[in-house]
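# Breakdown of the fold
Each chain, written out:
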Amino acid sequence: MWAETVTSWKEMVAPRSVVDNLLSGLTVAFVALPLNLALALACGLPASVGLITGAVTGVIAALFGGSRLQVTGPEVALVPLTFEILQRHGPHGLLCATFLCGVLQMLMGLARVGRLIHMIPVSVIGGFMAAVGLLVFNSQLPRLLGLPAEMRLVSSLPGTGWLAHVDPFAVGVGALVIAATVLLPKLHRRLPGGLVGLGAAVLAVSALGVGTASVGPISASFPTPALPEFHRLEFIAIFPEAIALALLASIDSLLSAVAIDAQSNTKRHSSEQELMAQGVANVVSSMIGGMPVAGAIVRSSAALQCGATTRLAALSQSVTLLLLLYLARPFVERLPLAGLAGILLVVGYRLINWRQARLMWRVSRFEAFVFVATAGSIVVSDFVGGVLMGLVLSLVHFAHMQRRVDVSLLTATTDEPAEIPRLLELPARRSLGPTPPVAVVRVEGPIFFASHTELRSLAEGGPLPRHLVFDLAGVPLIDCTGVEAFRTLLARLREQGTRALLSRASEHVAARLEEAGVLQQLVGGRVFPTVVEALESLGEPAPSPGVVPAQRGQLALPLLRPEAPAGAS
């Protein structure tokens, strides 16, 4: 890991790429400037906190992160939870939660849990991002409308009384910034539409002389690093929220890293290293009075689109932010809040992947339901609970899709290698009874808690041969419930006078059956490597080709299909 990191540092100073990455970082800084300001204000923090946090933590993650092109800073997904912690525990509580968040992220990196991000279904990820977008609308629409500061959320607006407080000029400023943010990048990808729109809004406010809420005074002093004051609050009260913050920041950062990997040709990111770097960044942020941070997909994508190829792009973005704080402070202080809200509303809208939702609706209605349920649960309750509910629903859906096990009883395997039909058919000419003495049972599909009941169909069918050769080549896995179901089936077969042999089971399935003592109930007490060897071990006449007849009055079971030709035994 360290060798690759040092190599990436050397790539930053390669002459052929320095200029492109510096320009990319400069452009992204103009995108990040209004975002960091707006996010800090949306959390209820001073605007300078967003700039200083983005600059300092961005340098740390740019140098040591597992993703070379990821830009780190205040992130939209963290705003609702950050605001909630600030309201419940105050500034000291937020700093303590941010510090604990960083420590937990470092522990998760050491435990190598970052790779689990690749196991989260797309429906849950899409619902998570959509919920963030909805929460952004909930918090920023009042700012766009110029409502008083005490009216913070759309969900808490009182009836229709708020309509009298709408500021038409603030709405116009917000609309101007939204138009610039959306339209200018279409003319040229490097145009910082949000910053240009804010500049136009500042000029309009100055020219018309109309008062509107603005960022206000910003402190230019750099905070002195210090550990959070844990003694000022109850640790038990803040720890659950720190866990939620760590999970949210980690998921957000790793999802962003995965998205950047998909958009670029660079080396795949290291999830563990990224978590470690994000953890250090959050610890440092808490020590300078900052706010929680994560990998930012919007800024990272902007850097990539502007030609970023090394860590220098993210690094120069952070340094530029710090310079803007001290060199352009008068301009920053005059930025209208309605304009910053307009930028966040554009970001929130883009977080809702409408195309993905429509595709899910066409392909899998249940996954579309998981998408909506995850988003709705997060909006109504919290992020961690919503994501967990989405994961549970996805597991239920997976179990539902895998619940079917195909059990086929075959007495004439015409599509098998020549040896198996010979073993089954030659002795069959001597068999005078209605039931053939030997048959092959092919089982296909996982045998687990959601599918084990399908095995019952075999013992509940018509008359069975004296010997059944189970072909388990199509069984990828078996759990404890499946093992117990198989043991019960063998016991019922013995009661009916049928003995079983086992062939072609995978190493995993055979080991499970052996550990449970199931192999002792089989003829030969072992797993035969092929169906041919299992049949040869019997050394007795076998059935006539054909189909096991069903007794009159018996219902034909859908999974017991003796008329079906063999497929791949």
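Everything that follows concerns the structure shown earlier in this document.
Below is a short write-up of the structure. (Residues numbered from 1 in each chain as written. Predicted model: local features only at pLDDT ≥ 70, side-chain atom pairs only at ≥ 80, totals over all residues. Heavy atoms only, no water.)

Our focus in this paragraph is the overall build of the chain. For the chain, the helix and strand inventory stands at 21 helices and seven strands. With 569 residues in all, the chain has 53% of them scored as buried. Contacts spanning at least 24 positions in sequence make up 84% of the contacts within the chain whose residues lie at least 6 apart. By element, 64% of the accessible surface of the chain is carried by carbon and sulfur atoms, the whole surface being about 25500 Å². (Helix = DSSP H or I, 4+ residues; strand = E, 2+ residues; numbered from the N terminus. Buried < 20%, exposed > 50% of the residue type's maximum accessible area, 1.4 Å probe, protein only. Contact = heavy atoms within 4.5 Å. Areas by Shrake-Rupley, 256 points an atom, 1.4 Å probe, with all protein chains shown as cover.)

What follows deals with a nonpolar patch on the surface. Where nonpolar side chains cluster on the molecular surface, the patch consists of Phe 222, Val 319, Leu 323, Tyr 326 and Leu 327 and spans about 500 Å² of accessible area. In this fold, Phe 222 is placed in the loop between helix 7 (193-208) and helix 8 (235-263). Classification of Phe 222 as partly exposed rests on a relative accessible area of 41%. (Patch = residues over 30% accessible without salt bridge, like charges linked within 9 Å, V, L, I, M, F, W, Y side chains within 5 Å. Salt bridge = Lys/Arg side-chain N within 4 Å of Asp/Glu carboxyl O.)

Among the nonpolar cores identified, the biggest contains 88 residues, and Leu 33, Leu 37, Val 76, Phe 128, Val 132 and Leu 344 are the most heavily contacted of them. With 11 residues, helix 4 (residues 79-110) is the largest single contributor of residues to this core. Val 405, Val 475, Leu 493 and Leu 502 belong to the second largest nonpolar core, which has 30 residues in total. (Core = buried A, V, L, I, M, F, W, Y, C linked by side-chain atoms within 4.5 Å.)

Moving on, we come to the pattern of salt bridges. Pairs can form between side chains of opposite charge whenever their charged atoms are close. Taken as a whole and judged by the stated rule, the model has eight salt bridges. Among the ionic pairs, Arg 88 bridges to Glu 84, the shortest N-O distance being 2.6 Å. In this pair, Arg 88 and Glu 84 are both assigned in helix 4, four residues apart and thus about one turn of the helix distant. Residue classification places Glu 84 among the partly exposed residues on the basis of a relative accessible area of 31%. Glu 333 serves as the salt-bridge partner of Arg 329, at 3.6 Å between the closest nitrogen and oxygen.

If a strand is regular, its side chains alternate between the two faces of the sheet. Of all eight residues in strand 5 (residues 467-474), six are buried; the element is thus mostly enclosed. The sheet contact formed by strand 5 and strand 6 (residues 499-503) spans five bridges and is parallel. Bridged to Asp 471 within strand 6 is Ser 503. With helix 19 (residues 480-495) bridging strand 5 and the parallel strand 6, this β-α-β connection has right-handed handedness. (Pairing = 2+ DSSP bridges. Right-handed = clockwise from strand over helix to strand, strands pointing away.)

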